[in-house]
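Okay, here's what each chain looks like letter by letter:
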Amino acid sequence: MKRFPRKMTVELTAKCNFRCPYCYCVWHEFPKLAGPELDTDGWKDVLDRFAADGVKDVLFTGGEVLLRKDVLKIVDYARTRLPSAKLTLFTNASRLTEDLILAFKERQVRLATSLQGLATYGGMTGTKRRYNRLLRVVARAKELGWPMSVSMTITTANRAEAPDMFAAAALSGASLIQLGAMMAEGRGKRHLDLMISHTEWEAVKDEIRKLPNVGVPYSFADEFICTCRDQPPELLSAWADPKAKRCPAGRSFGVIGPDGTYRICLHALPKDLMRKD
């Protein structure tokens, strides 16, 4: 039986109330990986394995993780079985309430969300929503003493807003900001027109670095395409970075999908699908 890496991502559900056109989740390409989803006891069994293997860092995500009614039960069990582990929950924050923020704070579960545009927020989330509520949630979490980290996916649609997006998240109380270019993965493979070039991405990074320092740490994710799986040659030639370091997927981190299947990274396929691909 495989021993899990010390850092694991758990995709509790493939269900989501957003329809982000850049979403990299692998089940948009391979629907069978979306389910059937593990029930509460199934996830408890997974967490028992984590405890046995000494996993030290668990990220709960989806889909939209707060669509699961048993999320607090799963998190409670995780905290019981992994008392010293770093636990993080990533949510689009559309269902994140003050009570839930306090519940996660009590359980010492860090919170993360994403800001995918200002004027473009509705288009980048596939909804009619506005960004204002998200920033209010980020600000309230800071007031409650449990600030959230914020990620941003930069596309051709929101690229001009990137500095303002960063400033909005920072001034709302984000504890950490991570920016990344849209990847040619998942649903994003049907919307390649939204991908910015490597040159444009470097320009975005320069613009962020030149902003006034407001004391919020930030980082950049430079990956444009996953090289842990076979990819069409035309996508590799357009987006792969020949100078990139070898990905540590499967060695320092791994993923459990909604159906309980192990993958070496968020974008990779299980071995049986890799043989068929």
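In the block above lies the structure referred to throughout.
Here the structure is a predicted model, which is why all the values come from computation and not from measurement.

J.: Explain helix α6 (residues 162-172) to me, and be specific about the residues and the numbers.
T.: Counting buried positions along α6 gives 8 out of 11 residues, so the element sits mostly inside the fold. Taken residue by residue, α6 has Ala162, Pro163, Met165, Phe166, Ala168, Ala169, Ala170 and Ser172 as its buried positions. Along its buried surface, α6 packs onto α5 (132-143), β5 (149-154), β6 (176-181), α7 (198-209) and β7 (218-221). Gly173 sits one or two positions beyond α6 and adopts a positive phi of about 110°.

J.: Got a sec to walk through the side chain of Glu161? Specific residues and values, please.
T.: For Glu161, the location among the structural elements is in the loop between β5 and α6. In terms of polar contacts, Glu161 uses its side chain to reach the backbone amide nitrogen of Leu118, at 3.1 Å. The residues touching Glu161, leaving out its near neighbours within four places in the chain, are Gly117, Leu118, Ala119 and Thr120.

J.: Hey, could you go over the nonpolar core for me, with residue numbers and the actual values?
T.: The biggest cluster of nonpolar side chains holds 81 residues, and the ones touching the most others in it are Phe50, Phe60, Leu89, Leu96, Phe104 and Leu115. In terms of residue count, α6 provides more of this core than any other element does, 6 residues in total. Residue contacts for Leu89: discarding those within four places in its chain leaves Leu59, Phe60, Val65, Leu66, Val71, Val75, Phe104, Val109, Arg110, Leu111 and Ala112.

J.: An account of the pattern of salt bridges is needed here, citing residue identities and associated values.
T.: Tallied over the full model, the rule gives 16 salt bridges. The closest approach of N and O atoms between Glu11 and Arg263, which form a salt bridge, is 3.0 Å. Pair noted here: Glu11 is in strand β1 (residues 7-11) and Arg263 is in strand β9 (residues 262-263), with a separation of 252 residues, a long-range link. Note on accessibility: Glu11 and Arg263 belong to one class, buried. A salt bridge links Arg159 to Glu207; the nearest nitrogen and oxygen atoms lie 2.8 Å apart. Linking Arg159 in the loop between β5 and α6 with Glu207 in helix α7, this pair joins segments that are 48 residues apart in sequence. It is possible to trace a salt-bridge network through shared partners that takes in Lys15, Glu37, Arg68 and Asp70.

How each quantity is defined
Residues numbered from 1 in each chain as written. Predicted model: local features only at pLDDT ≥ 70, side-chain atom pairs only at ≥ 80, totals over all residues. Heavy atoms only, no water. Buried < 20%, exposed > 50% of the residue type's maximum accessible area, 1.4 Å probe, protein only. Helix = DSSP H or I, 4+ residues; strand = E, 2+ residues; numbered from the N terminus. Contact = heavy atoms within 4.5 Å. Polar contact = N/O pair within 3.5 Å; in protein donor to acceptor, adjacent residues only side chain to side chain. Core = buried A, V, L, I, M, F, W, Y, C linked by side-chain atoms within 4.5 Å. Salt bridge = Lys/Arg side-chain N within 4 Å of Asp/Glu carboxyl O.

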